[in-house]
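Letter by letter, the chains look like this.
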Amino acid sequence: MGCFVYFFLGTSRDVTLGPTAIMSLLVSFYTAHEPAYAVLLAFLSGCIQLVMGCLRLGFLLDFISCPVIKGFTSAATITIGFGQIKNLLGLQDIPRQFFLQVFYTFRNIGETRVGDVVLGLICVVLLLVLKLMRDHVPPVHPEMPPGVQFSHGLVWTATTARNALVVSFAALIAYSFEVTGYQPFVLTGETAKGLPPMRVPPFSVPTANGTISFSEMVQGMGTGLAVVPLMGLLESIAVAKSFASQNNYRVDANQELLAIGLTNMLGSLVSAYPVTGSFGRTAVNAQSGVCTPAGGLVTGVLVLLSLGYLTSLFYFIPKSALAAVIIMAVVPLFDTKIFGTLWHVKRLDLLPFCTTFLLCFWEVQYGILAGALVSLLLLLHAVARPKMQVSEGPVLLVLQPDSGLHFPAVEALREVLMSRALEVSPPRCAILDCSHICSLDYTVVLGLGELLEDFHRQGVTLALTNLQVPVLRVLLSANLKGVQYFSTLEEAEKYLKQEPGAQPYNISEESVPEQKVTLLKV
């Protein structure tokens with residue numbers, strides 16, 4: 001369902017929607033392993049995500065910064081790549097959790113199957129050679145002979161379809177060994193055949209003791225109704241943004257919300273549980289050369305045909321060959337230069353990057369949430385403690401905030417002005433240069449009023465300069481008493497130094513310059 005819906009609504013050419021390990025664990029936890037609850041959770045999650053998309057709440061996902069995406073991508077590359085080592089070595093019964101996976105992989109290394117290792121390494125080498133061939137094939141020119149053009153097309157087709165060719169090659173080898181009665185590989189095995197019926201999601205569940213109502217089912221899911229949709233969105237957007245940055249295109253968060261929401265709603269009609277963007281399958285998609293979301297149509301059709309008619313052929317696919325495909329798909333996504341880049345550009349960005357990277361080894365959803373929270377805290381700190389340029393003279397202090405002035409920054413502004421202007425002897429007049437301030441809120445206005453009173457009690461002046469029209473509008477509405485402002489910093493300095501030729505404006509409609517009054521009225 002995700003393949004078909006995403007073709008119409010998706011904005012990433014690489015993303016594949018479907019079940020993931022993280023989402024499966026979350027759904028299992030919040031539905032107590034009950035299929036009916038899982039299907040209903042898919043429907044309700046889809047409704048929530050669809051409403052968020054319609055309300056255009058995708059901007060909330062913009063708080064997932066680039067360092068967070070890079071941290072997630074780097075950690076996912078390692079966890080997914082290492083997660084396939086067990087299949088490459090032919091090991092079984094290895095836990096999914098990363099740290100347990102590392103421990104049990106090395107613990108059971110003595111049980112490695114030689115056949116799987118040899119076949120897996122051969123597949124890795126073949127995939128690498130075919131990828132290098134595709135990257136170095138010269139472009140076809142019209143003046144080339146038809147035979148050369150045909151050979152170029154043949155090489156391009158083989159190298160582009162290298163994943164399918166290598167898996168088919170491995171399956172043929174496994175089948176040939178099966179015929180001889182000896183099987184050195186761990187095979188995919190039986191795959192359930194057939195398609196699920198289309199029906200309305202279960203809004204009640206009959207039991208031996210009666211019927212569980214819809215409200216009781218919702219209460220049973222509890223916080224899962226908030227956690228599952230949110231985690232699905234975070235994972236899907238993180239995957240989409242990571243591949244968008246790799247392949248130089250943009251994704252629309254609101255459109256992604258609609259796509260994943262509608263996928264979950266319609267998926268519940270065919271007994272699906274909640275889905276999200278899959279990093280591993282998306283990586284294989286990208287490495288296969290998919291250029292548009294129409295690649296999902298091919299995937300969806302092949303899945304339906306396979307479930308209907310081809311499941312018996314999948315029995316002989318070696319797991320080591322699939323592991324080779326996934327490893328070769330995710331390895332190029334690891335950015336070896338990102339740490340050095342962040343170090344040279346802005347070292348503080350290493351904090352959300354490292355937070356996301358490290359916590360993603362525990363649980364991906366916690367890593368993304370923690371990284372986004374750290375990025376948000378850094379953003380709020382910049383708002384609460386903006387940098388201020390201070391120029392001091394014997395009788396005058398000039399202070400210019402380098403960015404906007406919002407209510408968390410009032411105390412910082414007050415502290416600087418009090419310590420630099422009023423807590424010295426004798427107190428100095430101060431000029432607040434507002435050239436970078438484009439708006440004020442009520443708390444800032446109250447703070448300015450208190451500052452004016454403090455300056456007035458000390459017998460010195462606090463003047464404002466370079467006020468923009470929105471700031472003037474707010475100050476006029478607040479009706480502050482005793483506010484003086486000047487059009488330029490030079491005029492304010494002349495007036496406060498008691499030099500001739502400069503007069504202040506009081507903040508009232510009668511004293512504001514005529515052109516600014518006109519703007520205010522408009």
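Model, not experiment: these values are computed from the prediction.

Turning our eyes to something else, we now look at the overall build of the chain. The number of helices and strands found in the chain is 23 helices and 10 strands. Scaling as 2.2 N^0.38, a compact globule of 522 residues should have a C-alpha radius of gyration of about 24 Å, whereas the chain reaches 32 Å, well beyond that. Along the first, second and third principal axes, the C-alpha set of the chain runs to 105 × 70 × 50 Å. Counting only residues that meet the buried cut, the chain has 45% of its 522 residues in that class. For the chain, the proportion of contacts with a sequence separation of at least 24, taken over those separated by at least 6, is 76%. When the 31 basic and 34 acidic side-chain charges of the chain are each reduced to a single mean position, those positions are 6 Å apart.

Close approach of charged atoms allows side chains with opposite charge to pair. On inspection of all chains with the given rule, the structure shows nine salt bridges. Here K241 ties to D62 by a salt bridge, and the two come within 3.9 Å at their closest N and O atoms. With a gap of 179 residues between them, K241 in helix α11 (residues 224–247) and D62 in the loop between α3 (35–54) and α4 (66–83) connect regions that are remote in the sequence. The class of D62 is exposed, set by a relative accessible area of 52%. The partner of K131 in a salt bridge is D135, and the shortest N-O contact between them spans 3.2 Å. Separated by four residues within a single helix, K131 and D135 lie in helix α7 (residues 114–136), roughly one turn from each other. Looking at K131, the relative accessible area reads 22%, which means it is partly exposed. A residue is classified by how much of its surface remains accessible, and D135, at 42% relative accessible area, is partly exposed. Within the structure, one salt-bridge network assembled from shared partners comprises R414, E450, D454 and R457.

Turning to the nonpolar core, a few remarks are in order. The biggest cluster of nonpolar side chains holds 53 residues, and the ones touching the most others in it are L61, I64, F72, M221, F243, F279 and I368. When residues in this core are grouped by element, the largest group, 11 residues, is from α11. Setting aside its immediate chain neighbours within four residues, I368 contacts I64, V68, F72, L234, E235, A238, T356 and C360. Of all hydrophobic cores here, the second largest spans 42 residues; its members include M388, L405, L432 and F455.

Time to look at the UniProt feature "transmembrane region" (unreviewed entry) in the chain. Mapped onto this structure's residue numbering, the UniProt feature "transmembrane region" (unreviewed entry) falls at residues 36–55, 114–133, 257–276, 296–317, 324–344 and 364–384. The distance from the first to the last C-alpha atom of residues 36–55 is 29 Å, and the span holds 95% helix and 0% strand. End C-alpha to end C-alpha, residues 364–384 measures 30 Å, and it is 100% helix and 0% strand.

The final tally for this structure, using the stated rule, is 19 aromatic pairs. When the centroid spacing of 4.9 Å and the interplanar angle of 70° are considered together, the rings of F7 and F8 count as edge-to-face. Judged by its relative accessible area of 29%, F7 falls in the partly exposed class. Look at Y175 and F316: their rings are 5.1 Å apart centre to centre, the planes differ by 85°, and that puts the pair in the edge-to-face class. In this pair, Y175 sits in helix α9 (residues 162–180) while F316 sits in the loop between α14 (295–310) and α15 (319–330), placing the two residues 141 residues apart along the sequence. Through pairs of rings, three or more aromatic residues link up here, namely F82, F98, F99, F106, F353, F357 and F361.

With that settled, consider the pairing of strand β8 (residues 462–465). Both faces of β8 are covered, namely the face carrying L462 and L464 and the face carrying A463 and T465. The pairing of strand β7 (residues 429–433) with β8 spans four bridges and is parallel. When the sheet's bridge partners are listed, A430 is paired in β8 with L462. Following the backbone out of β7, through helix α20 (residues 442–457) and into the adjacent parallel β8, one traces a crossover that is right-handed. Looking at chain direction, β8 and strand β9 (residues 484–486) are connected through three bridges and run parallel. Counted as the bridge partner of L464 is Y485 from β9. Remark: the β8/helix α21 (residues 469–478)/β9 crossover connection has right-handed handedness.

What counts, and where the lines are drawn
Residues numbered from 1 in each chain as written. Predicted model: local features only at pLDDT ≥ 70, side-chain atom pairs only at ≥ 80, totals over all residues. Heavy atoms only, no water. Helix = DSSP H or I, 4+ residues; strand = E, 2+ residues; numbered from the N terminus. Rg over C-alpha atoms; globule rule 2.2 N^0.38 Å. Buried < 20%, exposed > 50% of the residue type's maximum accessible area, 1.4 Å probe, protein only. Contact = heavy atoms within 4.5 Å. Lys, Arg positive; Asp, Glu negative; His and termini not counted. Charge placed at Lys NZ, Arg CZ, Asp CG, Glu CD. Salt bridge = Lys/Arg side-chain N within 4 Å of Asp/Glu carboxyl O. Core = buried A, V, L, I, M, F, W, Y, C linked by side-chain atoms within 4.5 Å. UniProt positions renumbered as here; feature names shortened; annotations may be inferred. Phe/Tyr/Trp six-rings, centres within 6.5 Å; stacked < 30°, edge-to-face > 60°. Pairing = 2+ DSSP bridges. Right-handed = clockwise from strand over helix to strand, strands pointing away.

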